[in-house]
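Fold and geometry: a report
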Amino acid sequence: MFRIGHGFDVHAFERDRPLIIGGIEIPHDMGLKGHSDADVLLHTMADAILGALALGDIGKFFPDTDEAYKGMDSKVLLAEVVDMMEEKGYRIGNMDAVIMAEKPKFRPYIDDMREVSASLLKTGAGNVNIKATTTEKLGFTGRGEGIASEAVVLLEKMEES
């Protein structure tokens, strides 16, 4: 049995924070605003998995009103969602994600992001695609106000042993 999920997330830029995307710190003059480390890509992947499982979204499990999650490393958040996925008897078939931003350029970091994500998703890097695009200077991402991300995941039911 297969299940498909979709995730979407947005974070505004904020000064005096590191820019963490895909579990990697990327040199940039601003980071992203958020209750956690604001890793927009990993949040998107987590939401896609939760959506495929019909469990809601990350706000349900990791609310920004709970101080326990303040500054949380999004790698921990995604790992917990993957544990939920496995408890339901599923594994990653594949994950396809896109980062939408004018700056910085992500190409030099994509391979590292894929490796980190694949490890967290407990799958091979060949099952994880990450790409980046600009929005041709249109909208909030085009004006350099923040970053958006979107992901689609295919989950496969694990064989009963």
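Residues numbered from 1 in each chain as written. Predicted model: local features only at pLDDT ≥ 70, side-chain atom pairs only at ≥ 80, totals over all residues. Heavy atoms only, no water.

You'll find the protein entered in an unreviewed UniProt entry as 2-C-methyl-D-erythritol 2,4-cyclodiphosphate synthase, with Candidatus Salinicoccus stercoripullorum given as the organism. Quoted straight from UniProt, the Subunit (unreviewed entry) entry for the protein says "Homotrimer." In the Catalytic activity (unreviewed entry) part of its UniProt record, the protein is described as follows: "4-CDP-2-C-methyl-D-erythritol 2-phosphate = 2-C-methyl-D-erythritol 2,4-cyclic diphosphate + CMP". (UniProt positions renumbered as here; feature names shortened; annotations may be inferred.)

Re the sheet that holds strand 4 (residues 31-32)
Judged by pairing direction, the sheet is mixed, and its five strands sit side by side in the order 4-1-7-5-6 without closing on themselves. One side of each edge strand has no neighbouring strand; the edge strands of this open sheet are strand 4 and strand 6 (128-133). Seen against the sheet, helix 1 (residues 40-52) touches strand 1 (2-14), strand 4, strand 5 (90-100), strand 6 and strand 7 (146-157) and runs at an angle of roughly 150° to strand 1. The strands touched by helix 4 (residues 107-121) are strand 5 and strand 6; relative to strand 6, the strand with the most contacts, the crossing angle is about 140°. (Pairing = 2+ DSSP bridges. Helix = DSSP H or I, 4+ residues; strand = E, 2+ residues; numbered from the N terminus. Contact = heavy atoms within 4.5 Å. Axes fitted to C-alpha atoms, helices over the stretch in contact; angles between N-to-C directions.)

Examining the UniProt feature "site: Transition state stabilizer" (unreviewed entry) in the protein
Under the UniProt annotation, "site: Transition state stabilizer" (unreviewed entry) lies at His-35 and Thr-134. These residues run over 100 residues, and the two farthest C-alpha atoms among them are 25.2 Å apart, placing them at more than one spot. One can find His-35 in the loop between strand 4 and helix 1. Aside from chain neighbours lying at most four places away, what touches His-35 is Pro-63, Asp-64, Asp-66, Glu-67, Tyr-69, Lys-70, Gly-71 and Met-72. Structurally, the position occupied by Thr-134 is in the loop between strand 6 and helix 5 (139-142). Not counting residues up to four positions away in its chain, the partners in contact with Thr-134 are Ala-101, Glu-102 and Lys-105. Of the polar contacts made by the side chain of Thr-134, one reaches the backbone nitrogen of Glu-136; its length is 3.3 Å. (Polar contact = N/O pair within 3.5 Å; in protein donor to acceptor, adjacent residues only side chain to side chain.)

Some remarks on helix 3 (residues 74-87)
A rise of 1.5 Å per residue sets the reference length of helix 3, with its 14 residues, at 20 Å; its end C-alpha atoms lie 20 Å apart and thus fit the reference within 8%. Taken residue by residue, helix 3 has Ser-74, Leu-77, Leu-78, Val-81, Val-82, Met-84 and Met-85 as its buried positions. Along the long axis of helix 3, the arc covered by the buried residues comes to 155°, so they all point the same way. Buried residues along helix 3 sit against helix 1, helix 2 (58-61), strand 5, helix 4 and strand 7. Where helix 3 begins, the capping side chain belongs to Asp-73, and its oxygen is found 2.8 Å from the backbone nitrogen of Lys-75. Gly-89 sits one or two positions beyond helix 3 and adopts a positive phi of about 90°. (Expected span 1.5 Å × (residues − 1). Buried < 20%, exposed > 50% of the residue type's maximum accessible area, 1.4 Å probe, protein only. Arc of directions from axis to C-beta.)

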